[in-house]
Amino acid sequence: DQQVKQNSPSLSVQEGRISILNCDYTNSMFDYFLWYKKYPAEGPTFLISISSIKDKNEDGRFTVFLNKSAKHLSLHIVPSQPGDSAVYFCAASGFRTGQNFVFGPGTRLSVLP
Amino acid sequence: GAGVSQSPSNKVTEKGKDVELRCDPISGHTALYWYRQSLGQGLEFLIYFQGNSAPDKSGLPSDRFSAERTGGSVSTLTIQRTQQEDSAVYLCASSPQALTYNEQFFGPGTRLTVL
């Protein structure tokens with residue numbers, strides 16, 4: 001049973017528009033969430049994180065929103081740029097329980113010029 | 001500074017052979033993780049080392065898989081009697097501490113192809 005789900009395997013967005021990547025989780029003990037970006041032939045790189053004590057975290061063009069009651073988080077990229085084209089992984093961990101990160105299957109974002 | 005490095009970058013082997021994959025974590029990082037990513041799949045956790053503690057092997061898919069970490073630094077993932085379903089990109093990551101809210105720094109991965 002997948003504990004972290006990214007139900008959209010791919011997403012295409014026009015340059016300059018908003019990209020919204022979604023992630024759902026099932027384990028209510030998860031309390032820390034991260035997004036990673038992965039280019040082909042490279043390892044994932046950390047993008048942004050959010051703790052369960054917050055519902056929003058912003059870093060430049062990237063904003064992550066957390067809805068704990070819905071067990072849902074989303075990554076917003078505004079404005080989207082062609083260089084944002086990559087696979088985005090959502091990951092969740094349980095800080096209080098010491099549970100290690102569980103990764104979602106990823107969403108491939110294509111930003112079209 | 002130097003990031004996480006992995007070797008080899010590519011490995012092609014025949015079914016039934018053993019392979020060893022190496023990971024050099026970032027200096028000073030006490031936590032080390034192995035994942036694999038099969039074609040079209042997400043990151044699958046394999047094993048986790050933290051300092052001198054017993055590793056968390058809960059993600060290893062079978063007893064053909066083993067890993068060790070010598071001196072709290074370099075780690076080797078060994079796959080014995082490889083099968084075609086072992087073909088994947090094997091990723092190593094390290095983080096400064098065992099705390100689960102620390103981001104992990106990933107290496108470039110080793111692409112394993114079992115013929």
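Residues numbered from 1 in each chain as written. Chains lettered and ligands numbered in written order. Predicted model: local features only at pLDDT ≥ 70, side-chain atom pairs only at ≥ 80, totals over all residues. Heavy atoms only, no water.

S.K.: How do you make sense of the overall build of chain A when you look at a structure like this?
M.R.: What chain A contains, in helices and strands, is 0 helices and 11 strands. Listing the helices and strands of chain A from first to last along the sequence gives β-β-β-β-β-β-β-β-β-β-β. On C-alpha atoms alone, chain A measures out to a radius of gyration of 13 Å, which is about the 13 Å that the 2.2 N^0.38 rule sets for 113 residues. The principal-axis extents of the C-alpha atoms in chain A amount to approximately 45 × 25 × 20 Å. Here chain A, with 113 residues, has 47% of them falling under the buried criterion. In chain A, the proportion of contacts linking residues at least 24 apart, taken out of those at least 6 apart, comes to 55%. (Helix = DSSP H or I, 4+ residues; strand = E, 2+ residues; numbered from the N terminus. Rg over C-alpha atoms; globule rule 2.2 N^0.38 Å. Buried < 20%, exposed > 50% of the residue type's maximum accessible area, 1.4 Å probe, protein only. Contact = heavy atoms within 4.5 Å.)

S.K.: Help me understand the side chain of Lys37 of chain A in this model?
M.R.: Summarising the element assignment, Lys37 of chain A is placed in strand 4 (residues 32–38). Beyond its immediate sequence surroundings of up to four residues, Lys37 of chain A is in contact with Gly43, Pro44, Thr45, Gly83, Asp84, Ala86, Val87 and Tyr88 of chain A.

S.K.: What is the right way to look at the interface of chain B and chain A in this model?
M.R.: Often the size quoted for an interface is simply the accessible area lost on bringing the parts together. Listed by partner, the interface residues are 17 residues for chain B and 20 residues for chain A. Summed over both partners, the interface of chain B with chain A comes to about 1500 Å²; 62% of that surface belongs to carbon and sulfur atoms. Across the chain B-chain A interface, the total number found is 0 salt bridges. Taken together, the connections running from chain B to chain A amount to 1 residue pair in polar contact (both at pLDDT 80 or more). Contributions of two or more residues to the side of chain B that touches chain A are made by strand 4 (31–37) and strand 5 (43–50) of chain B. Residue contributions to the side of chain B that touches chain A peak at 3 residues, all from strand 4 of chain B. Split by residue class, the side of chain B that touches chain A holds 8 nonpolar, 7 polar and 2 charged. (Buried area = accessible area lost by both parts, 1.4 Å probe. Salt bridge = Lys/Arg side-chain N within 4 Å of Asp/Glu carboxyl O. Polar contact = N/O pair within 3.5 Å; in protein donor to acceptor, adjacent residues only side chain to side chain. Nonpolar A, V, L, I, M, F, W, Y, C, P; charged D, E, K, R; others polar.)

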